[in-house]
Amino acid sequence: MTRKRILSGMQPTGELHLGNYLGALKNWVNLQAEYDCFFCIVDQHAITVPYDQKALPKLVDDMAISYLAAGIDPSRATVFVQSAVPEHTELAWYLATVTQYGELGRMTQFKDKTEQAGSESGASAALFTYPVLMAADILVYKATHVPVGDDQTQHLELARNAAQRFNSRFKKGFFPEPAGLYSPTPRIMGLDGLKKMSKSIGNHIAMLEEPKPLWKKLSGAYTDPQRTTQDEPGRPELCNLYRMHTALTPAERLPVIAEQCRSASFGCGHCKRELETSLNAELEPVRARAKELRANPERLRQILGDGAATARAVAFETLREVRELMGIRGPTR
Ligand code: AQP
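Draft legend 1. Highlighting the overall build of the chain. Each helix and strand counted, the chain has 13 helices and five strands in total. A compact globule built from 333 residues should have a C-alpha radius of gyration of about 20 Å, and the chain, at 21 Å, falls within 12% of that. Projected onto its principal axes, the C-alpha coordinates of the chain cover approximately 75 × 45 × 40 Å. Put simply, 78% of the contacts in the chain that link residues at least 6 apart link residues at least 24 apart. Only carbon and sulfur atoms are counted for the fraction: they give 54% of the accessible area of the chain, which is about 16000 Å². Across the chain, the centroid of the 41 positively charged side chains sits 3 Å from that of the 38 negatively charged ones.

Listed below in structure tokens is the structure:
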């Protein structure tokens, strides 16, 4: 392997939002110059919670359009759908044999998602074992780095443990222990200020949001959680919107915005209006590219088909080696 390799993916569970964009996708776009990149749409993760099977194919296409519109370049990165490469699920089974039940039980995202659904015992076994499939997504490409938001730190640790145990049991150094690559804004809170911004709980601004609804949502967003009235000074370091400014607004404006926030004579309205300008400047070209891609489904099919073929060739080779190391016969010709 000549270059360091990245694997990352997102679940087609709804429209991508500013958390996904600022926490992960914008970072992916920047990393393309330096790394060998594999970006997938993880449809098999999206089915670990109740979902609408009729809506899923379109959600997958929409997610691919969002990747490309944000600036993922198929001539530099491999873009594909997870289920087009069945080696992911096969490797997940093998990695499950070196993953401990107790480790899976400690995953906070499992606890959060089962809490949302109202019952842990009624959750699917697939939701419980989801981090093993995520480990397989990464290790099947022997990825060295994984660009994610900080909500994935625990899952990534599990992938590192699985790699370590596999290596010590079957072959030293076989899998790299993948490291996280975090964006400068690894956690964007939702508009409610309470939970991280998420596709499935309705506390988000979509990456492809049109200007009018964008402003409607932004104007109602929580800012510094400790600033209970407008005439108290704010704390930019605690404010979710200031965090977004740091990723989007020209650097020379940041001290001015921070100063206005700290001054009791400015409310949050100025800061929100300036963030609206920065967001529209950043997202307008993304919205335009998404429209172009929507009008050209053939091109999308081609990109995903080529991506799957490239990904499959790499994954096939890893699985051949893994089976041999584990004494598994595998498919016969
Ligand atoms: N709020 C966030 N701030 C920063 N990064 C975030 N990510 C997600 N939310 C935030 C990062 O986006 C990538 C894709 O995540 P995913 O689709 O696999 O699922 P998720 O983390 O569970 O994202 P959502 O939006 O919260 O989806 P649902 O609602 O379906 O669970 C990851 O790199 C993640 O870190």
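Next comes the rest of the description.
Draft legend 2. Just the packing of aromatic side chains, in detail. If you walk through the whole model with that rule in mind, you get 10 aromatic pairs. Here Trp 28 and Phe 39 contribute two aromatic rings whose centre-to-centre distance is 4.4 Å and whose plane-to-plane angle is 0 degrees, an arrangement assigned as stacked. One end of the pair, Trp 28, is in helix α1 (residues 18-31); the other, Phe 39, is in strand β2 (residues 36-41), with 11 residues separating them in the sequence. Take Trp 28 and Phe 39: they sit in the same class, and that class is buried. Among the aromatic residues, those joined into a cluster by ring pairs are Phe 166, Phe 170, Phe 174 and Phe 175. It is Arg 273 that lies over the ring of Trp 215; its NZ or CZ is 3.7 Å from the centre.

Draft legend 3. View of the pairing of strand β3 (residues 77-81). Taking burial as the measure, the five residues of β3 include five buried ones, the bulk of the element. What you see with β3 is no split at all: Ala 77, Val 79 and Val 81 on one side and Thr 78 and Phe 80 on the other are buried throughout. Taken together, the five bridges between β2 and β3 define a ladder with parallel strand orientation. Considered in β3, the bridge of Phe 38 is made with Thr 78.

Criteria and cut-off values
Residues numbered from 1 in each chain as written. Predicted model: local features only at pLDDT ≥ 70, side-chain atom pairs only at ≥ 80, totals over all residues. Heavy atoms only, no water. Helix = DSSP H or I, 4+ residues; strand = E, 2+ residues; numbered from the N terminus. Rg over C-alpha atoms; globule rule 2.2 N^0.38 Å. Contact = heavy atoms within 4.5 Å. Areas by Shrake-Rupley, 256 points an atom, 1.4 Å probe, with all protein chains shown as cover. Lys, Arg positive; Asp, Glu negative; His and termini not counted. Charge placed at Lys NZ, Arg CZ, Asp CG, Glu CD. Phe/Tyr/Trp six-rings, centres within 6.5 Å; stacked < 30°, edge-to-face > 60°. Buried < 20%, exposed > 50% of the residue type's maximum accessible area, 1.4 Å probe, protein only. Lys NZ or Arg CZ within 6 Å of the ring centre and 35° of its normal. Pairing = 2+ DSSP bridges.

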